[in-house]
Amino acid sequence: MAQQFNAQNIKKRTSVLVFLKGSTAPLVLYVENPEELYAELKQTIKSATAVLVEKETSGPLKKVCFISNQIASVAIQEEQFVG
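This text gives an overview of the structure that appears in the document.

Reading guide: rules and limits
Residues numbered from 1 in each chain as written. Predicted model: local features only at pLDDT ≥ 70, side-chain atom pairs only at ≥ 80, totals over all residues. Heavy atoms only, no water. Phe/Tyr/Trp six-rings, centres within 6.5 Å; stacked < 30°, edge-to-face > 60°. Lys NZ or Arg CZ within 6 Å of the ring centre and 35° of its normal. Buried < 20%, exposed > 50% of the residue type's maximum accessible area, 1.4 Å probe, protein only. Helix = DSSP H or I, 4+ residues; strand = E, 2+ residues; numbered from the N terminus. Pairing = 2+ DSSP bridges. Core = buried A, V, L, I, M, F, W, Y, C linked by side-chain atoms within 4.5 Å. Contact = heavy atoms within 4.5 Å. Salt bridge = Lys/Arg side-chain N within 4 Å of Asp/Glu carboxyl O.

1. Considerations on the packing of aromatic side chains
Scanning the model with the defined rule gives zero aromatic pairs in all. Sitting over the face of the ring of Phe 81, Arg 13 holds its NZ or CZ atom 4.5 Å from the ring centroid.

2. Focus on the pairing of strand β4 (residues 63-67)
Across the two faces of β4 the burial differs, with Val 64 and Phe 66 buried and Lys 63, Cys 65 and Ile 67 not buried at all. Of the strand pairs in this sheet, strand β3 (residues 52-56) and β4 are connected by five bridges, and their pairing is antiparallel. Bridge pairing in β4 links Leu 52 to Ile 67.

3. Things to note about the nonpolar core
In this structure, Val 16, Val 18, Leu 27, Leu 29, Val 31, Leu 37, Leu 41, Val 53, Val 64, Phe 66, Ile 71 and Val 74 together form the largest nonpolar core, which totals 12 residues. When residues of this core are traced back to their parent elements, those giving at least two are β1 (10-20), β2 (27-29), α1 (34-46), β4 and β5 (71-82). With residues near it in sequence (within four places) discarded, Val 53 still touches Leu 41, Thr 44, Val 64, Cys 65, Phe 66 and Ser 68.

4. Focus on the pattern of salt bridges
A complete count under the given rule lists five salt bridges for this structure. The residue Glu 78 makes a salt bridge to Lys 12 at a minimum N-O spacing of 3.6 Å. Residue Glu 78 is found in strand β5, and its partner Lys 12 is found in strand β1; the two are separated by 66 residues along the sequence. A single burial state applies to Glu 78 and to Lys 12, both of which are exposed. We note a salt bridge from Glu 79 to Arg 13, for which the minimum N-O separation is 2.8 Å. Taken together, the residues span a long stretch of sequence, with Glu 79 in strand β5 and Arg 13 in strand β1 at a distance of 66 residues. For Glu 79, a relative accessible area of 17% corresponds to the buried category. Here the salt bridges do not stand alone but share partners, grouping Glu 54, Glu 56 and Lys 63 into one network.

This is the structure in structure tokens:
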């Protein structure tokens, strides 16, 4: 028997996707303020100087770091989940 979920159980969460050069799958980062991280990474991409980016997240990846000149693109993703 299939379990039914009402609309009250469906929640949304937002993540920041970081696509790195040479990688097929993006890094999926769950943070408190995804809009702020997105803007920060966008600014980092514009910079001519390569820097080490290190972030702590609240998702499956607890800590991540990468070199800024390896970022191909960033995106914000909104997903629904049952919780």
